[in-house]
Amino acid sequence: MNAALEQSYLKNPKGLTSWLFTRDHKRIGLMYLYAIMFFFFLGGVFALLIRLELLSPGKTIMSADQYNQAFTLHGAIMIFLFIIPAIPAALGNFILPLLIGARDVAFPKLNLASFYIYVAGALFAIYSIITGAVDTGWTFYTPYSTESTTSVISMTFAVFILGFSSIFTGLNFIVTIHKLRAPGLTWFKQPLFVWGLYATAIIQVLATPVLSITLVLLILERVFGIGIFDPAMGGDPVLYQHFFWFYSHPAVYIMILPGMGIISETITVFSRKKIFGYNAIAFSSLAIAFVSFLVWGHHMFTSGQSEIAAMIFSFLTFLVGIPSGIKTFNWLATLYKGQISFEAPMIYTLSFLFLFTIGGLTGIFLGALALNVHLHDTYFVVAHFHYVMMGGTVMAFLAGLHYWWPKIFGRLYNETAAKIGAILVFVGFNMTFFSQFILGSQGMPRRYYNYLDQFQPLHAFSSFGSFVLGIGFFVMLVYLVHSLFKGKTPGYNPWGGLTLEWTVPSPPPPHNFDKIPEITHGPYDYDKILVKRN
Amino acid sequence: MSEQHKEHILPIKAYLGVAGALFILTMVTVAVSYINLGGWNAVVAVSIASFKVSLVALFFMHLKYDNKINLFIFLIGISFVTLFIIFTMFDTLRRADIYEIKAKPIKEKAHIYERAPDDSTQQSDAAQH
Amino acid sequence: MANTPSHPFYLQHHFSDAQQQKDSAKFGMWIFLLTEILLFGGLFCAYAVFRAWNHEMFYNAHLALDRVLGTINTFILITSSLTMALAIRGLQVNKARQAALYLGATLVFAAIFLVIKYFEYEHKIHLGQLPGKYYTYTGVAGTNPHIFFSIYFVMTGLHGLHIVGGMIVIAMMLVNTLRGKYSNEYYTPVELIGLYWHLVDLIWIYLFPFLYLIG
Ligand code: HEM
Ligand SMILES: [Cu+2]
């Protein structure tokens with residue numbers, strides 16, 4: 001029998017209530033993981049429906065109104081219920097204390113509360129979907145969101161609640177990283193994923209409250225017509241956009257920064273080489289977190305904000321490229337002359353490098369004021385943010401999921417199947433979204449259910465790509481579920497990593513470490529230490 | 001480690017003194033509000049309020065004696081709110097700009113303009129600037 | 001888990017000592033206060049933007065607020081902050097009864113604050129000085145005076161909710177103090193709610209001049 005599994009957090013203590021009332025960060029992380037995977041699936045279903053509708057011009061499977069609801073729900077679910085909690089709350093919750101040699105996060109009860117708040121928000125969102133969905137787009141722009149007859153209030157309220165869950169996770173992580181590092185683990189000996197989570201947490205606590213107040217004002221606008229955002233009452237819809245993007249631009253870095261952290265881990269482990277430019281990567285995370293607060297106006301170039309503001313925001317947007325570029329070059333330098341091995345996590349990591357670079361560079365295009373006027377609200381923007389969110393964050397999430405899967409469940413998945421899945425996802429993704437860059441530059445507007453005949457070939461190609469993508473995920477589902485029952489046991493350290501989580505059994509025991517470790521070496525000292533895989 | 005962090009216990013008098021200062025400042029700011037200083041009313045009100053806030057934060061909330069990181073967090077909060085307001089106002093206060101811009105030659109000294117000395121509209125437009 | 005000096009009842013298993021636990025708790029509380037500052041920050045931004053756009057109207061509308069009641073409430077809130085600080089001091093010098101008394105006083109002042117606020121609201125509702133589309137008052141010159149009252153109600157309303165929330169927690173702390181749960185060894189929860197209470201005071205210190213004094 002599998003002794004590690006029997007003694008692990010998965011089996012101790014036993015019983016349903018021991019899960020529901022657990023304070024163990026590993027169990028909370030796991031419950032989060034199931035929840036976000038569910039919503040990833042739901043959001044994916046909406047995505048396939050959208051692509052199915054766009055297979056041909058005019059009505060294919062749904063009406064224009066239903067189409068508006070489909071893309072709104074796809075966006076809102078993917079952003080608020082999947083991608084924002086995905087890496088920090090699920091993987092981060094599980095791994096962070098292990099990485100820093102702690103027994104738990106600083107506030108375990110708050111951690112559990114954050115999970116239940118997430119569940120409450122999710123229930124509200126589902127309620128809103130059942131009672132008529134929303135058709136405003138995930139951005140809830142006024143004045144349409146004050147007029148739309150769909151259930152805007154319940155959906156915005158759901159997002160409001162979800163915000164608290166995100167804030168509590170961030171708060172918990174900041175304190176954990178400051179106060180609970182094992183002896184000897186100085187700031188600059190921390191694994192880079194910790195830095196990524198730290199920068200993310202800072203954004204979570206600084207930006208999310210502004211989203212909360214924005215949504216409160218939006219709800220009040222609908223109920224009382226308070227006249228802050230609604231032009232009919234003397235309010236200013238562009239002010240709504242300032243409020244919204246003050247949160248939502250930094251929020252895109254809530255999505256990507258932890259992903260960048262994962263990449264920094266996997267890329268060294270699978271190149272068997274010390275990370276290149278540790279300090280540069282660590283500080284660029286903080287730099288990104290800071291600069292991300294200065295650029296929100298680049299979403300509003302065509303919305304009627306003043307030209308001076310547009311110019312300032314455009315200029316500052318270019319600055320974001322610098323720390324992102326620093327990271328990318330350092331990762332490439334890490335690969336150089338490494339002993340690269342191509343297991344599934346590494347395939348996702350390389351996909352990330354490739355796709356995020358395209359996504360980030362097109363972001364710079366869009367940040368250029370003059371070009372943006374042409375490309376705003378076209379499929380070019382859609383392609384940009386899918387390259388960063390799916391090509392960046394989701395690839396990093398999958399890299400992390402595959403990398404830590406043996407640690408989380410104590411099971412190995414079938415490597416060949418995983419490689420096939422990864423390649424299908426990569427190919428499907430590029431088919432789906434590269435075609436959208438072309439569509440957008442030719443003038444195909446976003447959020448339309450119909451289009452000119454001349455766009456059909458590219459739209460159809462994109463839809464076929466999405467089916468390939470869907471198959472890739474289906475393959476993944478099969479081999480991951482299979483591994484839970486039939487997977488081989490991995491031993492402590494299947495990949496030969498040097499960080500602390502690989503020094504404990506897979507899956508880890510409830511209290512993580514029998515004895516709090518003392519840290520003497522850096523997280524990536526492959527030049528000094530010979531690690532063996534087992 | 002725990003020794004240096006021992007609680008700093010302020011005497012009751014210190015608390016009373018701070019509260020007294022807060023009361024007096026409140027009376028001052030209310031009194032000033034009855035005098036019309038034009039735009040300066042707002043400046044005075046904000047300054048006095050900020051001073052009161054610093055008193056509360058430093059003494060009632062112990063920031064003066066506490067771990068400095070807590071002070072840092074507090075200041076970050078204030079700065080980001082300020083940043084939010086200022087950047088938003090770059091927009092909201094300057095919206096009218098576009099209506100004040102008059103068309104003018106892109107490159108005034110370019111040769112093409114020199115070739116038409118009798119073009120009067122060109123000249124009057126340039127004279128405005 | 002015996003209640004030995006090296007492992008007191010309040011120490012959680014993942015902290016190495018009580019000091020670390022206390023520092024973490026306070027640090028976490030400050031981050032929470034940071035989120036509160038940004039939450040209200042959004043409202044201050046809305047206030048600033050609309051005031052800059054409609055200065056005349058804001059000036060005229062703010063005259064409709066009762067400056068005297070506002071001032072009284074400011075005094076009351078400052079006093080409640082003082083009693084809160086003294087309550088914590090009481091625990092620091094290990095006088096739990098004194099601390100309980102001060103906590104009680106804080107609750108009383110908070111309640112008075114709310115009562116006065118209630119009368120102010122009541123008066124405004126009566127006159128139709130209501131937010132947004134419910135605004136029926138005609139005595140304020142300038143464009144869109146309902147926006148001033150929207151901002152007034154949202155800001156003071158959210159602040160009031162924070163007072164109510166604070167009162168509930170303070171009441172719980174009061175009970176715990178009376179039961180002898182806190183001493184100079186361990187009073188972190190009281191300290192945390194104290195920080196929160198001062199922050200609510202801080203926000204009022206800005207709200208008051210903005211709404212009542214300069215408009
Ligand atoms: C190099 C960094 C980046 C730059 C310079 C950049 C720039 C931009 C610009 C200028 C736009 C506005 C386009 C328009 O609507 O006209 C935009 C949209 C968007 N970006 Fe980025 N971006 C960057 C990275 C990211 C990342 C990392 C993410 C997410 C993980 C992201 C997600 C989005 C989203 C979701 C939108 C569309 C929002 C909407 O209107 O629905 N971006 N980006
Ligand atoms: Cu952005």
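Relevant structure appears above.
Every chain begins its residue count from 1, and numbering advances along the sequence as written. In the order they appear in the text, chains get letters beginning with A and ligands get numbers beginning with 1. Whole-chain, interface and lining totals are the exception, using all residues; otherwise, since this is a predicted model, local features are given only for residues with pLDDT of at least 70 and side-chain atom pairs are given and counted only at 80 or more. Side-chain numbers come from the whole structure's heavy atoms, not from hydrogens or water.

Strands are runs of DSSP state E lasting at least 2 residues, helices are runs of H or I lasting at least 4, and numbering of each runs from the N terminus. On a plain count of helices and strands, chain A comes out with 16 helices and 0 strands. Put simply, the radius of gyration uses C-alpha atoms, and a globule should come to 2.2 Å times the residue count raised to 0.38. Radius of gyration (C-alpha) of chain A: 23 Å, near the 24 Å computed for a compact globule of 534 residues. Whether a residue is buried, partly exposed or exposed follows from its accessible area with a 1.4 Å probe, protein chains only, as a fraction of its type maximum: under 20%, in between, or over 50%, in that order. Taken across its 534 residues, chain A has 64% of its residues classed as buried. Contacts are residue-level and defined by heavy atoms, with any inter-residue pair within 4.5 Å sufficient. Here the analysis covers contacts within chain A between residues at least 6 apart in sequence; of these, 82% occur between residues at least 24 apart. Split by element, the accessible area of chain A, about 18,200 Å² in all, is 71% carbon and sulfur. Surface accessibility in these figures is a Shrake-Rupley result with a 1.4 Å probe; residues are shielded only by whichever protein chains are displayed.

A separate point is the site of ligand 1. Residues and elements named next belong to chain A. To be near a molecule or strand, a residue needs just one of its heavy atoms within 4 Å of it. Around ligand 1 sit 23 residues, and of these Trp 138, Asn 372, His 376, His 384 and Arg 446 come closest. A 3.5 Å cut-off defines polar contacts: any pair of N or O atoms within that distance qualifies, except that in protein one atom must be a possible hydrogen donor and the other a possible acceptor, and neighbouring residues in sequence count only when both atoms are side-chain atoms. A distance of 2.9 Å separates an oxygen atom of ligand 1 from a polar side-chain atom of Asn 372. Residue His 384 places a side-chain N or O atom 2.8 Å away from a nitrogen atom belonging to ligand 1. Those elements that provide at least two residues to the shell around ligand 1 are α9 (237-269), α12 (344-367) and α14 (379-409). Residue polarity follows a fixed list, in which Ala, Val, Leu, Ile, Met, Phe, Trp, Tyr, Cys and Pro are nonpolar, Asp, Glu, Lys and Arg are charged, and the others, Gly among them, are polar. In terms of residue class, the shell around ligand 1 is built from 12 nonpolar, 10 polar and 1 charged.

Under this scheme, a helix contributes an axis fitted over its contacting stretch, all axes are lines through C-alpha atoms, and angles between N-to-C directions fall in the 0 to 180 degree range. Packing of helix α1 (residues 12-33) of chain B against helix α3 (residues 67-92) of chain C brings their axes to within 10 Å, and their N-to-C directions diverge by 165 degrees. For the element pair α1(B) / α3(C), the angle class is roughly antiparallel. Where α1(B) crosses over α3(C), the handedness of that crossing is right-handed. Across the interface between the two elements, B:Ile12, B:Tyr15, B:Leu16, B:Ala19, B:Leu22, B:Phe23, B:Thr26, B:Met27, B:Val30 and B:Ser33 from α1(B) touch C:Arg67, C:Thr71, C:Thr74, C:Phe75, C:Ile78, C:Thr79, C:Leu82, C:Ala85, C:Leu86 and C:Arg89 from α3(C). Roughly parallel means an angle under 35 degrees; roughly antiparallel, over 145; roughly perpendicular, 65 to 115; everything else is oblique. Handedness of a crossing is defined here by the sense of rotation of the near helix relative to the far one, left-handed for an anticlockwise turn of less than a right angle and right-handed for a clockwise turn.

Our next topic: the packing of aromatic side chains. Two aromatic rings from Phe, Tyr or Trp, using only the six-membered ring of Trp, form a pair when their centres are within 6.5 Å; if the ring planes differ by under 30 degrees the pair is stacked, by over 60 it is edge-to-face, and anything between is tilted. By the definition in use, this model includes 82 aromatic pairs over all chains. Centroid distance A:Trp296 to B:Phe84: 6.0 Å. Interplanar angle 75 degrees. Geometry classified as edge-to-face. Residue A:Trp296 is found in the loop between α10 (278-291) and α11 (307-335), and its partner B:Phe84 is found in helix α3 (residues 68-92); the two belong to separate chains. The same class applies to A:Trp296 as to B:Phe84, namely buried. We note A:Lys179 situated over the ring of C:Phe27; from NZ or CZ to the ring centre the distance is 5.6 Å. Any Lys NZ or Arg CZ that is within 6 Å of a ring centre and within 35 degrees of that ring's normal is treated as a charge sitting over the ring.

Residues and elements named next belong to chain A. Working definition of a nonpolar core: buried Ala, Val, Leu, Ile, Met, Phe, Trp, Tyr and Cys residues. They are joined through side-chain atoms within 4.5 Å. Ranked by internal contacts, the top residues of the largest apolar core, which has 298 residues, are Phe 80, Phe 352 and Phe 397. A per-element tally of this core places helix α4 (residues 64-99) first, with 23 residues. In contact with Phe 80, not counting residues within four places along its chain, are Pro 85, Trp 138, Phe 140, Val 159, Leu 162, Leu 211 and Tyr 247.

On to the coordination of the copper ion (ligand 2). Residues and elements named next belong to chain A. With water excluded from the atoms, a metal site may look incomplete; its donors are any N, O or S atoms within 2.8 Å, or within 3.2 Å for Na, K and Ca. Only His 249 (ND1), His 298 (NE2) and His 299 (NE2) from the protein reach the copper ion (ligand 2) as donors, at distances of 1.9 to 2.1 Å. Mapped onto the sequence, the residues coordinating the copper ion (ligand 2) show the spacing H-x48-H-H. The two metals, the copper ion (ligand 2) and the iron atom of ligand 1, are separated by 4.4 Å. For His 298, a relative accessible area of 13% gives the class buried.

Of the residues lining the interface, 23 residues belong to chain A; the matching set on chain B comes to 15 residues. When two components associate, each loses some accessible surface as probed by a 1.4 Å sphere; the sum of these losses over both components is called the buried area. Counting each side, the surface lost to burial between chain A and chain B is near 1,600 Å², with a carbon and sulfur contribution of 77%. Any carboxyl oxygen of Asp or Glu within 4 Å of a side-chain nitrogen of Lys or Arg constitutes a salt bridge here. Its salt-bridge partner being A:Asp236, residue B:Arg95 comes within 2.9 Å of it at the nearest N-O pair. Joining chain A to chain B, the criterion identifies 4 residue pairs in polar contact (both at pLDDT 80 or more). Top contributing element to the side of chain A that touches chain B by residue count: α11(A), with 6 residues. Tallied by class, the residues present in the side of chain A that touches chain B amount to 15 nonpolar, 5 polar and 3 charged.

Turning to the interface of chain C and chain B, a few remarks are in order. Taken together, the 47 residues of chain C in the interface contact 50 residues of chain B. Carbon and sulfur atoms make up 78% of the area that chain C and chain B hide from each other, which totals about 4,300 Å². Connecting chain C to chain B are 1 salt bridge. In this structure, the salt-bridge partner of C:Lys26 is B:Asp66, at a minimum N-O distance of 3.4 Å.

Like-charged residues are merged into a patch within 9 Å and nonpolar side chains (Val, Leu, Ile, Met, Phe, Trp, Tyr) within 5 Å, provided each residue has over 30% relative accessible area and no salt bridge. Taken together, the side chains of B:Tyr34, B:Ile35, B:Leu37, B:Trp40, B:Val43, C:Val68 and C:Ile72 define a hydrophobic patch exposed on the protein surface, amounting to about 710 Å² of accessible area. The set of elements that each furnish at least two residues to the nonpolar patch consists of α2 (40-60) of chain B together with α3 of chain C. Mapped onto the fold, C:Ile72 is located in helix α3. Overall, the relative accessible area of 38% leaves C:Ile72 in the partly exposed class.

On to the coordination of the iron atom of ligand 1, then. In this structure, the iron atom of ligand 1 receives exactly one donor atom from the protein: A:His384 (NE2), at 2.2 Å. The topology assignment puts A:His384 in helix α14.

On to a positive patch on the surface, then. Taken together, the side chains of A:Arg23, A:Lys109, C:Arg179 and C:Lys181 present a region of like positive charge at the surface. When you line up the elements, A:Lys109 lands in helix α5 (residues 108-130). Counted charges follow a simple rule, with Lys and Arg positive, Asp and Glu negative, and His plus the chain ends left uncounted. To locate a charge, take NZ of a lysine, CZ of an arginine, CG of an aspartate or CD of a glutamate.

The relative placement of two packed helices comes down to the angle between their axes together with the axis-to-axis distance. Residues and elements named next belong to chain A. Contact geometry for helix α3 (residues 25-53) and α14: axes closest at 13 Å, N-to-C directions at 145 degrees. Along this stretch, α3 crosses α14, giving a crossing that reads as left-handed. From α3, Leu 30, Leu 33, Tyr 34, Ile 36, Met 37, Phe 40 and Arg 51 reach across to α14, where they touch Tyr 379, Val 394, Phe 397, Leu 401, Ile 408 and Phe 409. Partitioned by chemical class, the residues of the contact of α3 with α14 number 12 nonpolar, no polar and 1 charged.

What follows concerns helix α5 (residues 145-178) of chain C. Residues and elements named next belong to chain C. Here the expected length of a helix is defined as 1.5 Å per residue gap, with one fewer gap than residues. For α5, spanning 34 residues, the distance from its first C-alpha to its last is 49 Å, which sits close to the expected 50 Å at 1.5 Å a residue. Most of α5 sits out of view: 24 of its 34 residues are buried. Positive backbone phi, at 80 degrees, marks Gly 180, one or two positions downstream of α5.

Residue and element names in this part refer to chain A. Here Phe 124 lies in helix α5. Residues Phe 124 and Phe 157 lie 33 residues apart in sequence; the distance between their C-alpha atoms is 7.4 Å. Leaving out residues up to four positions away in the same chain, Phe 124 has contacts with Ser 154, Phe 157, Ala 158 and Ile 161.

With that out of the way, let us pick up the pattern of salt bridges. Here the structure, examined in full by the defined rule, presents 12 salt bridges over all chains. Taking the shortest distance from any N to any O, the salt bridge between A:Lys11 and A:Glu6 comes out at 3.6 Å. Assessed through its relative accessible area of 31%, A:Glu6 is described here as partly exposed. One salt-bridge network, in which partners are shared between bridges, spans B:Asp66, C:Lys22, C:Lys26 and C:Glu191.

Attention now moves to the side chain of A:Ser151. Residues and elements named next belong to chain A. Within the fold, Ser 151 resides in the loop between α6 (144-147) and α7 (152-179). Within polar-contact distance, the side chain of Ser 151 engages the backbone oxygen of Ser 128 at 3.1 Å. When neighbours within four sequence positions are excluded, Ser 151 is seen to be in contact with Ser 128, Thr 131, Gly 132, Ala 133 and Val 134.

Turning next to α3(C). All names here are of chain C. Helix length check: α3, at 26 residues, gives a terminal C-alpha distance of 38 Å against a target of 38 Å (1.5 Å per residue), a fit within 8%. Of all 26 residues that make up α3, 22 are buried, and the element is covered over most of its length. Where α3 starts, the residue carrying a side-chain oxygen 3.0 Å from the main-chain nitrogen of Val 68 turns out to be Asp 66. Downstream of α3 by a residue or two, Asn 94 has a phi angle that is positive, lying close to 65 degrees.

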